[in-house]
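Overview (structure and organization)
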Amino acid sequence: MVRGQNSKWIRGVVVAVTVLFLGVFVNTSGASAATGNWGGAKKAVINAYKKYQVSVDVSSYNLNYATEYSNLKSMMSEVVSETPYLFYTGTRFSVSRNTSTNQIVKITLGYADAYKKADGTIRKAKIQKTRTQLNDAINQALLVVEPSMSQVEKAMVLHDYLISTTAYTSNAGNAFRLTEVGVFLKHKANCEGYSRAYAILMQKVGIPVKFVSSNKMVHMWNEIKIGQKWYHVDVTWDDPMDARDKTDQYGRVSHQNFLCSAARMRKTKHYDFSTADATSTKYDNRYWKNINSSFYYNNGKWLYMTKNGIAERQSIDKGSATVLYNVSGDNLVQYDADRYYFIAFNSIYLYSYKTNEAKAVWKTTDLYSSNCTLDQIKFENNKLYYRVYENGKHVSNKITPKDDGTF
């Protein structure tokens, strides 16, 4: 017996049932028609997490465990995997229900191991410190956005930023991979982490965003609203991995899954997802589907690399491109406001946007055999990182450039 609301007794025994989520949190498809107030319960659970509570009373929301179990899983999935800044939630929760009525009385909330002590108390100070670090990292990401950019340009430059600064991981031992902490602070995440991070950035720049998930794919991505139309964006699948050793590719950014209709997503092997609003095919065949470098905003124009060389556009989503520097190169990465590195002829070149000239600053034969291939570079923390493929494996190294960009 348990004491109910308004001092009335509820018949039956209250029992606790633990639910464990494994892998990617996804919405439960085919959830039963709700008779309970699941929206109200969801808000209560979110508020409880924000207050670091270990449980929340939901007896007033008329939630039936027996007939609406799918709604329960869907609600908790949305709370845990789709709510920004709830990075400290855990992979399991439990419900207390009345065995006579099957009414859910209480939900006991799960917290990630990193944010709770051995006795189960919540590490509030650590959560608050992590949130501060997150805000700093998010603000750093937003520096790539200019107020004059269009919605498409803002969505693109933040898409590229996340890919350039994050490596995909499915390592179950990395608990941070599921959240924005994995992306912004650890720089390793899975699809859930990428989707949450991108959603946060879209919200920050005023672009409507939501989540899409597939049970069978065990995968999550986003939809964003450009103008009056919704489009799919899968940041995870646009972060390419090397087919030879399944490792992250330095400096490469795909755009195959940027601003796609639902029909286009199905052609790129996404399946078992439900969406009725991403019908516009406006961007399905845009030129960027074949661009594998980041887009860089420089002095009011956009630079990127094609198979023909370094190209420039006045706008990402309008007009045509001008090839500034003809070269059979690859992997354009920015060094400073004027200069960029790229790979060509098994060497690293430094390109000046101001003078429209490029020169070789490093070649593989300085350290490696003539049989190796230089295929990836990235620039971060004032170091140029590169990878060569030699004797069936990748070798990674880094160089610190001089002020003039040479080595």
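In this text the structure is predicted, and so the values were computed from the model without any measurement.

1. Some words on the overall build of the protein chain
The helix and strand inventory of the protein chain stands at 7 helices and 23 strands. Principal axes of the C-alpha set define a box for the protein chain whose edges measure 80 × 45 × 40 Å. Across the 407 residues of the protein chain, 54% fall into the buried class. Counting only contacts in the protein chain whose residues sit at least 6 apart along the sequence, the fraction spanning at least 24 positions is 57%. Counting only carbon and sulfur atoms, one obtains 47% of the accessible surface of the protein chain, whose full area is about 18900 Å². On the protein chain, the mean spot of the 52 positive side-chain charges and the mean spot of the 34 negative ones are 8 Å from each other.

2. Some details on the sheet that holds strand β22 (residues 383-390)
With respect to topology, 3 strands assemble into an open sheet ordered β21-β22-β23, the strand pairing being antiparallel. Both edges of this open sheet fall to β21 (373-380) and β23 (393-399), since each of them pairs with a single strand only. Pairs of neighbouring strands in the sheet enclose a mean axial angle of 20°, with direction left out of account. Sheet analysis places β22 next to β23, joined by 7 bridges and oriented antiparallel. Looking across to β23, one finds that tyrosine 389 is bridged to histidine 394.

3. Overview of the layout of surface pockets
Of the volumes computed, that of the largest pocket is approximately 1200 Å³. Tyr161, Ser164, Thr165, Phe379 and Glu380 are the residues nearest the centre of the largest pocket, which is lined by 34 residues in total. Going through the elements one at a time, α3 (124-141), α4 (151-165), α5 (180-186), β13 (296-298), β17 (330-334) and β21 are the ones with two or more residues in the lining of the largest pocket. At 5 residues, α4 tops the list of elements feeding residues into the lining of the largest pocket.

4. Examining the packing of aromatic side chains
Enumeration according to the criterion identifies 27 aromatic pairs in this entry. In this structure, lysine 210 is placed above the aromatic ring of tryptophan 230, and the distance from its NZ or CZ to the ring centre is 4.3 Å. The ring of tyrosine 287 has arginine 313 sitting right over it, with the charged end atom 3.6 Å from the ring centre.

5. Observations concerning helix α6 (residues 191-204)
For α6, built from 14 residues, the straight-helix expectation of 20 Å at 1.5 Å per residue is met to within 8% by its first-to-last C-alpha distance of 20 Å. In terms of residue burial, α6 counts as a mostly covered element, since 12 of its 14 residues are buried. What α6 keeps buried is the set Cys191, Glu192, Gly193, Tyr194, Ser195, Arg196, Ala197, Tyr198, Ala199, Ile200, Leu201 and Met202. Two or three places before glutamate 192, at the opening of α6, asparagine 190 has a side-chain oxygen 3.1 Å from that residue's backbone nitrogen.

Criteria and cut-off values
Residues numbered from 1 in each chain as written. Predicted model: local features only at pLDDT ≥ 70, side-chain atom pairs only at ≥ 80, totals over all residues. Heavy atoms only, no water. Helix = DSSP H or I, 4+ residues; strand = E, 2+ residues; numbered from the N terminus. Buried < 20%, exposed > 50% of the residue type's maximum accessible area, 1.4 Å probe, protein only. Contact = heavy atoms within 4.5 Å. Areas by Shrake-Rupley, 256 points an atom, 1.4 Å probe, with all protein chains shown as cover. Lys, Arg positive; Asp, Glu negative; His and termini not counted. Charge placed at Lys NZ, Arg CZ, Asp CG, Glu CD. Pairing = 2+ DSSP bridges. Axes fitted to C-alpha atoms, helices over the stretch in contact; angles between N-to-C directions. 1 Å grid on protein atoms, 1.4 Å probe; cavity = no way out; pocket = protein on both sides within 12 Å on 5 of 7 lines; lining within 4 Å. Points joined across faces, edges and corners; volume = space filled by probe spheres on them. Phe/Tyr/Trp six-rings, centres within 6.5 Å; stacked < 30°, edge-to-face > 60°. Lys NZ or Arg CZ within 6 Å of the ring centre and 35° of its normal. Expected span 1.5 Å × (residues − 1). Polar contact = N/O pair within 3.5 Å; in protein donor to acceptor, adjacent residues only side chain to side chain.

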